[in-house]
Amino acid sequence: MTELLEAGVHYGHQTKRWNPRMRDFILEEKNSIHIIDLSKTVEQLQKAGEYLAGVSRQGGKILFVGCKKQAQEAVKEAAQACGQFYVNQRWLGGTLTNLVTIRKSVSKLKDFEALEKSAGFSKINKAEASALRREATRIRQNLEGVLEMDKLPDVIVIIDTIKEAIAVAEARRLGIPIVAVVDSNSNPEEINYPIAGNDDAIRAIRIILQKLVDSIVKSRPGNKVAAETAQPTEELTAVAE
């Protein structure tokens, strides 16, 4: 709790911007700012971490999402630290609900990269080559973290459910469990594993992601902690439901 406090995880939004559904996670009001109850946050972090550890332990895939400027680098680093997928530039509508189209874009990128390395690329006129490069750059920028995601993730981790409302809606539509940081202006009822906390401050985002990553990494096969805390498949399935 001390780490969360020092990172400013307890600072919510102005009271006039709050979502009444967050009432149970708010400790008090101070200078027209809602203060989040960190004792609840600690419990939620532990529960979410255990769930993600279970998914990872069974070979499941996790998609981290956070496209706001404060979250971009932290989301990328968190996903890479535990070998998972991420979206940190722009959520393309249909990333989950129309994965086939997303995979087509990835195939287009790979085809261009193969063409660029071939002898025939020098025969393409400069204007066409330039257009192809721009398209490839755009695709890579938006889909860099999901280039190898050829099927739907088992769970999605979201920073700022309001900004990433489309991602939340797609995951809910497909029944994909959601772990998310919910600030005082969010709706925790849409989230399977809400984590009440500041979703705007870089330090707050980083500390929350770090705790989740720690749980995932410790769950890896061969890790002593993972062996001691392993849960049966039936239990994980029950939690997901």
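For the structure given in this document, a descriptive report is provided here.

Rules of the game
Residues numbered from 1 in each chain as written. Predicted model: local features only at pLDDT ≥ 70, side-chain atom pairs only at ≥ 80, totals over all residues. Heavy atoms only, no water. Helix = DSSP H or I, 4+ residues; strand = E, 2+ residues; numbered from the N terminus. Buried < 20%, exposed > 50% of the residue type's maximum accessible area, 1.4 Å probe, protein only. Contact = heavy atoms within 4.5 Å. Areas by Shrake-Rupley, 256 points an atom, 1.4 Å probe, with all protein chains shown as cover. Lys, Arg positive; Asp, Glu negative; His and termini not counted. Charge placed at Lys NZ, Arg CZ, Asp CG, Glu CD. Expected span 1.5 Å × (residues − 1). Core = buried A, V, L, I, M, F, W, Y, C linked by side-chain atoms within 4.5 Å. Salt bridge = Lys/Arg side-chain N within 4 Å of Asp/Glu carboxyl O.

Quick notes on the overall build of the protein chain
In terms of helices and strands, the protein chain carries nine helices and eight strands. With the principal axes as the frame, the protein chain shows a C-alpha extent of 65 × 45 × 30 Å. In the protein chain, which comprises 241 residues, the share counted as buried stands at 48%. Restricting to contacts in the protein chain with at least 6 residues of sequence separation, those with at least 24 account for 62%. A total of about 12600 Å² of accessible surface is found on the protein chain, and carbon and sulfur atoms cover 48% of it. Of the side-chain charges in the protein chain, 34 are positive and 32 negative, and the distance between the mean point of each set is 7 Å.

Quick notes on the environment of Ile-102
Here Ile-102 lies in helix α4 (residues 99-117). Put simply, Ile-102 and Glu-128 are 26 residues apart on the chain and 23 Å apart in space, counted from C-alpha to C-alpha. Once residues lying within four places of it in the same chain are set aside, the contact partners of Ile-102 are Leu-92, Gly-94, Thr-95 and Leu-143.

Things to note about α4
The end-to-end C-alpha distance of α4 is 27 Å, a good match for the 27 Å that 19 residues give at a rise of 1.5 Å each. Of the surrounding elements, those touching the buried residues of α4 are α5 (126-143).

Some points on the nonpolar core
With 37 residues, the main nonpolar core has Leu-63, Trp-91, Leu-143, Ile-156, Ile-158 and Ile-178 as its most contacted residues. Listing elements by their share of this core, those giving two or more residues are β4 (62-65), β5 (85-87), α4, α5, β6 (155-159), α6 (165-174) and β7 (178-182). Looking at this core, the element that brings in the most residues is α4, giving five residues. With sequence-adjacent residues up to four places away left out, Leu-143 is seen in contact with Leu-92, Ile-102, Ser-105 and Val-106. In terms of nonpolar packing, the next biggest core, distinct from the first, is built from 33 residues, Leu-4, Ala-7, Leu-38 and Ile-205 among them.

Overview of the pattern of salt bridges
Within the structure shown, the criterion is met by eleven salt bridges. In this structure, Glu-144 engages Lys-76 in a salt bridge whose closest nitrogen and oxygen atoms are separated by 4.0 Å. With Glu-144 in the loop between α5 and β6 and Lys-76 in helix α3 (residues 69-81), the pair connects residues that are 68 residues apart, well separated along the chain. The class of Glu-144 is partly exposed, set by a relative accessible area of 36%. The partly exposed category is assigned to Lys-76, whose relative accessible area is 21%. We note a salt bridge from Glu-148 to Lys-110, for which the minimum N-O separation is 3.6 Å.

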